[in-house]
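Now for the letters of each chain:
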Amino acid sequence: MHLLLNSIKCSACGKCASVCIRDNLKLVGDHIEETGGNCFDCGQCMAVCKEDAIRLKVYENQEDRIEDYNPKEIPFSYDEYIQFLKQRRSCRWFTRKEVSKEEYKKLFEAAYYSPSAQNMQDVEFLVVKDNLQEFLEHVYSIIKVEEDEFPRIAQFGDYLKHPDNYKNNPFLWEGKELILTFSNNIMDGIIASTRVELAAYTLGLGGFYSLFLSKADSIDHDKLMEFFPQIDSGKHMSSVFVIGHPRTRFLRTIPHKKIRFDYY
Ligand SMILES: Cc1cc2nc3c(=O)[nH]c(=O)nc-3n(C[C@H](O)[C@H](O)[C@H](O)COP(=O)(O)O)c2cc1C
């Protein structure tokens, strides 16, 4: 059984049973019972209960994470959200200031609330900073098989041998820190990393996703994961985000290609 049901508080309204997608709750007379259905601890039953009569056993020690809110009060407006998205740009030019541990903690808190397939909550992050050079060399040893197709990869190989010939790292520009996202389900990782990225802008941080570093996972996943013995090798590196304190400030929006959508 997954739930702690408080029969004194419960008014037997049946709302919890109606939102459960695993048919784990049913109204029996004047009270609610678990059916032994395949509950995956999503907590929707707990969140809709007006009487606050349900707790998830698995999170019994996390009372501090439970907060009431008014569902009618949406924290920010559509206009504010669109304005925030309008002002988002990829940033490749950074000051020397490092991203602090407090800032990283805040960024990963944004991912805490991500949805995940079957509520797996399997996403984890790794900040690469001290081992950056070794990581880049490891990635290059994997992605160099595509350097005929992508001249940027060949350029990066040359940069690793002769960094003094270059003003910037062809993959990182002025970036010195990376956030790697790992997950079993790649989509879970991408969704979570987007939340981290957007949280970064709210803190005045900036960055960009790296296509070329991400390629290592699709080209030779097993070899890539040799670099991370601490991470379950079944997980994929679903995104690489270069992060830092922006040195460039953008002052206006630019036009984009018209967004295509249809109804079918
Ligand atoms: C999946 C993905 C991979 C990207 N890879 C790189 C990259 O390897 N190097 C880079 O400088 N920018 C990279 N970018 C940033 C894009 O070039 C950038 O989003 C695009 O030019 C539009 O600019 P904006 O983000 O400022 O709107 C990537 C963006 C995405 C979404």
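## Describing a nonpolar patch on the surface
Move 1: A surface patch of nonpolar side chains, amounting to about 360 Å² of accessible area, comprises Phe76, Tyr78 and Tyr81.
Move 2: Summarising the element assignment, Tyr78 is placed in helix 3 (residues 78-86).

## Some remarks on the side chain of Asp41
Move 1: If you trace the backbone, Asp41 turns up in the loop between strand 3 (31-34) and helix 2 (44-48).
Move 2: Buried charge without a partner: Asp41 forms no salt bridge, and the closest opposite charge is Arg22, 9.0 Å away.
Move 3: At 2.9 Å, the side chain of Asp41 and the side chain of His2 are in polar contact.
Move 4: Excluding residues within four positions of it along the chain, Asp41 makes contact with His2, Leu56, Val58, Tyr59 and Asn119.

## Some remarks on the packing of helix 4 (residues 101-112) against helix 7 (residues 186-202)
Move 1: Here helix 4 crosses helix 7 at 135°, and the two axes come no closer than 8 Å. The pairing of helix 4 with helix 7 is recorded here as oblique in orientation. Read as a crossing pair, helix 4 and helix 7 show a hand that is right-handed. Residues Leu107, Phe108, Ala110 and Ala111 of helix 4 lie in contact with helix 7, whose contacting residues are Ala192, Arg195, Val196, Ala199 and Ala200.

## Points about the site of the ligand
Move 1: Around the ligand, the structure places Arg88, Arg89, Ser90, Arg92, Trp173, Phe208, Tyr209, Ser210, Leu211 and Phe212.
Move 2: Take Arg88: an N or O atom from its side chain is 2.8 Å from an oxygen atom of the ligand.
Move 3: With respect to the ligand, the side chain of Arg92 contributes an N or O atom lying 2.6 Å from an oxygen atom.
Move 4: Starting from 610 Å² of accessible surface for the ligand in isolation, the protein chains cover 59%.
Move 5: For the shell around the ligand, the secondary-structure elements that each account for two or more residues are strand 7 (206-209) and helix 8 (211-219).
Move 6: Of the residues contributing to the shell around the ligand, the split by class is five nonpolar, two polar and three charged.

## Things to note about the pairing of strand 6 (residues 177-183)
Along a regular strand, successive side chains alternate from one face of the sheet to the other.
Move 1: With respect to burial, strand 6 is a largely interior element, seven of its seven residues being buried.
Move 2: Going residue by residue along strand 6, you find Glu177, Ile179, Thr181 and Ser183 tucked away on one face and Leu178, Leu180 and Phe182 tucked away on the opposite face as well.
Move 3: Strand direction decides the pairing type here: strand 5 (residues 124-128) and strand 6, joined by five bridges, are antiparallel. Along strand 6, the bridge assignment pairs Val128 with Leu178.

## Brief notes about helix 7
Move 1: For helix 7, with 17 residues, the first-to-last C-alpha span of 25 Å sits near the 24 Å given by 1.5 Å per residue.
Move 2: In the core, the buried residues of helix 7 are packed alongside helix 3, helix 4, strand 5, strand 6, strand 7 and strand 8 (236-244).
Move 3: Where helix 7 begins, the capping side chain belongs to Asn185, and its oxygen is found 2.9 Å from the backbone nitrogen of Met187.
Move 4: Following helix 7 by one or two positions, Gly204 has its phi on the positive side, about 80°.

## Describing the sheet that holds strand 6
Move 1: Pairing is antiparallel in the open sheet, where four strands are placed in the order 5-6-8-7. Only two strands of the sheet have a single neighbouring strand rather than two, namely strand 5 and strand 7. Taking each pair of neighbouring strands and ignoring which way they run, the sheet shows an average axis angle of 25°.
Move 2: Sheet topology note: the strand 7/strand 8 ladder contains four bridges and is antiparallel.

## Focus on the pattern of salt bridges
Move 1: Counted by the stated rule, this structure contains eight salt bridges.
Move 2: Of the charged contacts in the structure, one is a salt bridge between Glu124 and Lys235, with a shortest N-O distance of 2.8 Å. With Glu124 in strand 5 and Lys235 in the loop between helix 9 (221-225) and strand 8, this residue pair connects regions lying 111 residues apart in the sequence.
Move 3: Between Glu146 and Lys215 there is a salt bridge, with its nearest N and O atoms 3.1 Å apart. Of this pair, Glu146 sits in the loop between helix 5 (132-143) and helix 6 (151-161) while Lys215 is found in helix 8, placing the two residues 69 residues apart along the sequence.
Move 4: Lys215 sits in the buried class, given a relative accessible area of 15%.
Move 5: Where salt bridges share partners, they join Asp52, Arg55 and Glu63 into one cluster.

Reading the values: the criteria
- Residues numbered from 1 in each chain as written.
- Predicted model: local features only at pLDDT ≥ 70, side-chain atom pairs only at ≥ 80, totals over all residues.
- Heavy atoms only, no water.
- Patch = residues over 30% accessible without salt bridge, like charges linked within 9 Å, V, L, I, M, F, W, Y side chains within 5 Å.
- Areas by Shrake-Rupley, 256 points an atom, 1.4 Å probe, with all protein chains shown as cover.
- Salt bridge = Lys/Arg side-chain N within 4 Å of Asp/Glu carboxyl O.
- Helix = DSSP H or I, 4+ residues; strand = E, 2+ residues; numbered from the N terminus.
- Buried < 20%, exposed > 50% of the residue type's maximum accessible area, 1.4 Å probe, protein only.
- Lys, Arg positive; Asp, Glu negative; His and termini not counted.
- Polar contact = N/O pair within 3.5 Å; in protein donor to acceptor, adjacent residues only side chain to side chain.
- Contact = heavy atoms within 4.5 Å.
- Axes fitted to C-alpha atoms, helices over the stretch in contact; angles between N-to-C directions.
- Parallel < 35°, antiparallel > 145°, perpendicular 65-115°, else oblique.
- Left-handed = near helix turned anticlockwise from the far one by under 90°.
- Near = heavy atom within 4 Å.
- Nonpolar A, V, L, I, M, F, W, Y, C, P; charged D, E, K, R; others polar.
- Pairing = 2+ DSSP bridges.
- Expected span 1.5 Å × (residues − 1).

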